[in-house]
Amino acid sequence: CTRNNDCPPGTSCNKGFCGPAGDADTDMDTDTDTDTDTDTDTGTDTDTDTDTDTDTGCITDQDCTDPPPSPCDQSWICLKGTCIWPCGADADTDTDTDVDTDTDTDTDTDTTTSHGPDIYVDPTEVDFGAVSVVGTRVEREVVAMNTGDADLKIFGLEVTGGDKGNEFSLVSPTQQDITDGIAIRPSEAKRITVAYVADDTNGDEGNLKIISNSVTPGEQEINVPLLVRSKGSADIKIEPLSLKFGLVMVGDTRSAAATVTNTGTKELVIDHIDEDDSSGFFDWTCTSGGNACAYPLHIPVDGTASIEVTYAPQSAGGHSGTLTLNTNVKGKEQVFLAFSGRSENNCEPQIECTPPTIRFGTVARGDTMTRTVVCKNNGCADLKITGREMSPVLKGTQEFVVTGPNTATVAPGSTVSFDLAFSPKRYNTTRVGFFYVYNNDATTLNKCAWKMGRNCVPLRISAAEAEPDPADQDIHIRQRWDVSDADVDLHLVKPGGSFVAGGAGKISCPSSTNGQDCHFADACPDWGVKGDFMDDPYLDMDNIDGGPGSEENINLAGAVSGIYKVYTYLYPVTTTTMDDVPVKITVWVGGVQVNEWDFVLTDTGEWIEVCTIDFDANTGTGTVTYSGATGSAQPQPVPVPPK
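For clarity, every value in this text was computed on a predicted model and none was experimentally measured. (Residues numbered from 1 in each chain as written. Predicted model: local features only at pLDDT ≥ 70, side-chain atom pairs only at ≥ 80, totals over all residues. Heavy atoms only, no water.)

S.K.: Tell me about the overall build of the protein chain, residues and numbers included.
M.R.: The helix and strand tally for the protein chain stands at two helices and 42 strands. In the protein chain, 68% of the contacts between residues at least 6 apart in sequence involve partners at least 24 apart. Total accessible area computed for the protein chain in this model is approximately 31100 Å², and 48% of it derives from carbon and sulfur atoms. (Helix = DSSP H or I, 4+ residues; strand = E, 2+ residues; numbered from the N terminus. Contact = heavy atoms within 4.5 Å. Areas by Shrake-Rupley, 256 points an atom, 1.4 Å probe, with all protein chains shown as cover.)

Okay, here's the thing in structure tokens:
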């Protein structure tokens, strides 16, 4: 039908189909007349329907209950308040649309033409309500009906929207259904299911796009809005509520920060921040998520922003200010962050020395490495340098020399420099200590552990001596062994001297003694010119643990003419019985390797005289003679005649 006159009495035309006028019949009218007209139908049938039911309207499909079977054996549906067949039409092609049960015998030629597919969508807007719990899933249905007279084809269904882009999704038809193509016959309908899953407590908006071959202009693409109402409320917490800077001297700066947190269940929005700072001495910045705040600033649930305030007073007195945060929080539309501080003009010196750690690295014996320390006055009064020195542990090595003023007056903005020179006198030991600079900056009081009660800047020092090259030594002896827990000691006895087993009481380097045996207990005796370490022997280390690759070395760069003796000694260890310890001794003379021997120490306390070296200081050469004499000795105090 196209108008009510096309329908039998008591019925009306609804979306192209005849149905009960106003209300839906609970029973079904059954025509019993026989059409005998042969005219071209232009009006209504003259038969009289005799229904006796009580008509009622409908709201949902379930209201259309207990109807007789429809011509196409499909359930009735509710459309716009009226129960209709989703398929019904006359079997003949005339323009009346009542359902005849008699046999039509008209032979007229119908003049109606095909309209084509037409889409009707209900509802036109989908409300998901307020989804208050994150993770909750809600589904809604949209019905697409073909109200035309040809197959309706749905070519595409697309669901978009949500502040994260993935809250809304299409449940059915599936993507495969859409790919295969969805066809809806005339008067039939297709249900489309859309889901929403909350991932926050904010409201969301989305869209369902339906693309079809509907012939109605503008309906080839229909957009159905998807709405989710706001699900909570924002709240704001600032901690601390005020920033107190205390006393800050004129010309200095100090910073402090407050954290803004969204403690609500909805996105917090800070529209803008107003500043009230009459002094002009405060400055502030805002960051969120590692970036500078952009307004309006959106802070998610449990999210934070940081506000940092800097106080840089330019005159004495008390100063204060306030930041006003304008928010979307009901009852807290304006939240305040207060800040205050005071300043005085009492100008003081301020010392800064660089570098804070003085690293000399590894320096070869006989070489010198120099580092420069620069101290600057960053204050506004004169800086007084009242002294400078090395810490006791470094001063005792006699390896460091300081050049620069012992006292000085440094004006604001000016500097003073000190040169520190390192000349190693002992091998394979890392030097760690401090260089102290005494001054009148009150903030450096008690900074130096060795000078409590004084204003002092401690600068850390680290240095080490490089391993010497045997080619640069007059005599170089290397001893190697691999037995664990074997304490094998290397000895070099000077011309005219005697072997000393050694014992308690090691002598530190540099030594001022004239010991006759260079070994672990007297590792650097002064054999040559007093104070000239270059003509003295020295043992690189006392290896008491043994194990694979164990080694001890004795170096002598300035040997005098005479006969030197080389010994190896298995030191007695009270907790361990040791026997059969293989030892390899290698000898360099005049920078050239001349001999190498293998020995076996068979018991603790055993010594072996390896060889003698008859050295000629005039030619820098010597004759090495194997000895092999053995003996036994117990540890004993080292005789240490003074130089």
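S.K.: Summarise the sheet that holds strand β14 (residues 236–239); cite the residues concerned and give the values.
M.R.: Sheet architecture is open: five strands sit in the order β14-β16-β21-β18-β19, paired in antiparallel fashion. Every other strand in the sheet has two partners, leaving β14 and β19 (291–292) as the edge strands with one partner each. Across four bridges, β14 lies against strand β16 (residues 254–262) in antiparallel orientation. Paired with I236 across the bridge in β16 is N262. (Pairing = 2+ DSSP bridges.)

S.K.: A description of the sheet that holds strand β8 (residues 152–161) should follow, citing residues and the corresponding values.
M.R.: Read from one edge to the other, the open sheet built from five strands follows the order β6-β13-β12-β8-β10, with strand pairing classed as mixed. Looking at the sheet topology across the chains shown, the edges are occupied by β6 (126–127) and β10 (182–184). Two strands pair when backbone bridges link them, and strand β12 (residues 204–212) and strand β13 (residues 221–228) are joined in this way by eight bridges, in the antiparallel orientation. Bridge assignment links D204 to a residue of β13, and that residue is V228.

S.K.: Report on the pattern of salt bridges, specifying residues and quantitative values.
M.R.: Opposite charge on two side chains permits pairing when their charged atoms draw close. Per the counting criterion, the structure on display carries 12 salt bridges. Three or more residues joined by partner-sharing salt bridges are found here, namely E399, R431 and E465. (Salt bridge = Lys/Arg side-chain N within 4 Å of Asp/Glu carboxyl O.)

S.K.: Can you explain the state of the cysteines? Please cite residues and give values.
M.R.: On inspection of all chains with the given rule, the structure shows three disulfides. Disulfide pairing places C353 opposite C375 at an S-S distance of 2.1 Å. Between C353 and C375, the S-S dihedral sits near 110 degrees, and the bridge is therefore right-handed. Here C353, found in strand β24 (residues 351–354), pairs with C375, found in strand β26 (residues 369–377); they are 22 residues apart in sequence, far enough to count as distant. Here C353 falls in the buried class, since its relative accessible area comes to 9%. With a relative accessible area of 0%, C375 lands in the buried category. (Disulfide = S-S within 2.5 Å. Buried < 20%, exposed > 50% of the residue type's maximum accessible area, 1.4 Å probe, protein only.)

S.K.: Give a description of the confidence of the model for the protein chain that names residues and reports values.
M.R.: Here the protein chain averages 82 in pLDDT, and 78% of its residues register 70 or above. Across residues 23–56, where pLDDT falls below 50, the model places 70 contacts with residues more than four positions away in sequence or in other chains. Long-range and interchain partners of residues 87–104, a stretch whose pLDDT sits below 50, account for 45 contacts in this model, where long-range means more than four residues apart. (pLDDT = per-residue confidence, 0-100.)

S.K.: With reference to specific residues and values, describe the environment of V410.
M.R.: One can find V410 in strand β29 (residues 408–410). The spacing of V410 and I351 is 59 residues in sequence and 9.5 Å in space, taken between C-alpha atoms. Those residues in contact with V410, other than ones at most four positions away along the chain, are N377, D382, L383, I385, T415 and V416.

S.K.: So what's going on with the side chain of E399? Which residues, and what values?
M.R.: Here E399 lies in the loop between α2 (392–395) and β28 (400–403). Residue class for E399 comes out buried when judged on its relative accessible area of 1%. Of note is the side chain of E399, whose polar atom sits 2.7 Å from the side chain of R431. (Polar contact = N/O pair within 3.5 Å; in protein donor to acceptor, adjacent residues only side chain to side chain.)

S.K.: Talk me through the packing of aromatic side chains; I want residue IDs and the actual numbers.
M.R.: Under the defined criterion, the tally for this structure stands at 22 aromatic pairs. Taking the centre distance of 4.7 Å and the plane angle of 15 degrees together, the rings of F282 and Y311 count as stacked. With a gap of 29 residues between them, F282 in strand β18 (residues 282–288) and Y311 in strand β21 (residues 304–311) connect regions that are remote in the sequence. For Y311, a relative accessible area of 0% gives the class buried. Centre to centre, the rings of Y569 and Y571 are 6.2 Å apart; their planes meet at 85 degrees, and the pair counts as edge-to-face. Here the two residues Y569 and Y571 agree in accessibility, since each one is buried. (Phe/Tyr/Trp six-rings, centres within 6.5 Å; stacked < 30°, edge-to-face > 60°.)

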